[in-house]
Amino acid sequence: PKSKVENSSRDMAQVTTQVATARAGDPVQGNMPMPTVSDFAFPKAPPSILERMESGANSALQMSAPVIRPLAKLFLLSTFLEDAVRMATQWDTQVNHINTEWESQEWVGTVFVWCNLIFQVLPSFMILINGVVKVPTSVIISSLATLAIVVLAQSVAYHVLWNVEFFFRNLAVIGALSLVGAEAVDPEPTKGGLLDRDVSAAEDEAEVADVLRLSGRLLLVLMFVTLTKFDTVARIITELIGMLLLALLVIGYKTRLSAVTLFVLLMIENLTLNDFFMHDSDDHMHDYKKFNFFQALTVTGGLMMLIALGPGSVSLDGEDKKNL
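These numbers come from a predicted model, not from an experiment.

Topologically, Ser78 is positioned in helix H3 (residues 65-89). Engagement of the side chain of Ser78 in a polar contact is seen with the backbone oxygen of Phe75, the distance being 2.6 Å. Dropping the residues within four chain positions of it, Ser78 is found in contact with Phe294, Leu297 and Thr298.

A general trend in soluble globular proteins is that nonpolar side chains are found buried together. Residues Phe80, Ile127, Leu177, Leu249, Leu262, Leu266 and Leu303 are the most contacted members of the largest nonpolar core, which totals 45 residues. Ranked by residue count, the leading element in this core is helix H11 (residues 284-309), at 11 residues. Sequence-distant contacts of Leu262, defined by excluding residues within four places in its chain, comprise Phe224, Gly242, Leu245, Leu246, Leu249 and Leu303. The next biggest cluster of nonpolar side chains, apart from the first, holds nine residues, and it includes Val113, Tyr158, Val160 and Phe166.

Our focus in this paragraph is the packing of H3 against helix H7 (residues 164-185). Between H3 and H7, the shortest axis-to-axis distance is 11 Å and the interhelical angle comes to 145°. As H3 packs across H7, the resulting crossing turns out to be left-handed. Here H3 contributes Arg69, Lys73, Leu76 and Phe80 to the contact with H7, which in turn contributes Val173, Ala176, Leu177, Val180 and Glu183. Class assignment of the residues belonging to the contact of H3 with H7 gives a composition of six nonpolar, no polar and three charged.

One pass over the structure, following the stated rule, counts nine aromatic pairs. Judged by centre distance (5.8 Å) and plane angle (35°), the rings of Trp162 and Phe167 are tilted. The class for Trp162 is exposed, based on a relative accessible area of 70%. Since its relative accessible area comes to 28%, Phe167 is described here as partly exposed. By the ring-pair criterion, three or more aromatic residues cluster together here, those being Phe276, Phe277, Phe293 and Phe294.

Applying the stated rule across the entire model yields nine salt bridges. With a closest N to O distance of 3.9 Å, Glu82 and Lys290 form a salt bridge. Taken together, the residues Glu82 in helix H3 and Lys290 in helix H11 connect sequence positions 208 residues apart. The exposure class of Glu82 is buried, given its relative accessible area of 9%. Exposure remark for Lys290: the relative accessible area of 23% places this residue in the partly exposed category. Taking the shortest distance from any N to any O, the salt bridge between Arg235 and Glu239 comes out at 2.9 Å.

For the rest of this paragraph, the subject is helix H5 (residues 106-129). The terminal C-alpha atoms of H5, which comprises 24 residues, lie 35 Å apart, in line with the 34 Å expected from a rise of 1.5 Å per residue. Along H5, the positions that sit buried rather than exposed are Gly109, Phe112, Val113, Asn116, Leu117, Gln120, Pro123, Ser124 and Ile127. Contacts made by the buried residues of H5 are with H3, helix H4 (91-102), helix H6 (137-157) and H7. Gly131 lies just past H5 and shows a positive phi near 115°.

What counts, and where the lines are drawn
Residues numbered from 1 in each chain as written. Predicted model: local features only at pLDDT ≥ 70, side-chain atom pairs only at ≥ 80, totals over all residues. Heavy atoms only, no water. Helix = DSSP H or I, 4+ residues; strand = E, 2+ residues; numbered from the N terminus. Polar contact = N/O pair within 3.5 Å; in protein donor to acceptor, adjacent residues only side chain to side chain. Contact = heavy atoms within 4.5 Å. Core = buried A, V, L, I, M, F, W, Y, C linked by side-chain atoms within 4.5 Å. Buried < 20%, exposed > 50% of the residue type's maximum accessible area, 1.4 Å probe, protein only. Axes fitted to C-alpha atoms, helices over the stretch in contact; angles between N-to-C directions. Left-handed = near helix turned anticlockwise from the far one by under 90°. Nonpolar A, V, L, I, M, F, W, Y, C, P; charged D, E, K, R; others polar. Phe/Tyr/Trp six-rings, centres within 6.5 Å; stacked < 30°, edge-to-face > 60°. Salt bridge = Lys/Arg side-chain N within 4 Å of Asp/Glu carboxyl O. Expected span 1.5 Å × (residues − 1).

Laid out in structure tokens, this is it:
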């Protein structure tokens, strides 16, 4: 009996030693360490269709990143450049129109057309060359403010300020300009912002950029409001999809994927509804549709700029979405 007790004690001691060695993961004994909670974790779920679409869109955007911002600026400024060309080629018509609208002397219309021409070409030029050469941020902001004033001045001069459709479209154009301002203030938005409280004074510019990006997101939506129609079943389905994408754009969720989809939809609608190229140049619908076409093209430029910069920290995407 005594030997059995001794054997039992030795067995217990050996088991205790093996357990302690296993817990320590002794490489000499070749024992594996004890399993941990992470060893029993469930496998990660495969990416959803939406996540795969977003990943594919981001991959395509990364490849086109070098041209997105320059092309976005060109699209965004197209309405101002086209209007400047129209002022130069239809000088007498524009002068007479202003004088007739306001029953003013001839010099009033002449000054107005000259101011429109100068204050659209010079600011647009400064914005376009920014990036090719270093243009001071203050000059870019002043240029954007000048273009915004031109938009409002034309609305007053042509008596369309309170026309709801023109009013919404002009606000959308100003929203697109806000996104260019965001890029000028914070061209590499990877940190800081309104929701980041642990920032230095040098990162305060990110807060201004966040306000501009948020304003741009909200105002761009107004362009789509002016294009909304529910006349056919196909149109109704398209508009409902568009409304969902606009809601995502406003709250800043899946922003880049939403902006890319809206960009495609707006380009299709713009080419379909504002087909000025299908009318003769002397047809009054030619100028009307041409004006609307380039305003919508400006908003597509704003969407491209939003794609490049991301939504900012005031969004559900937050700052996890880095800029392109």
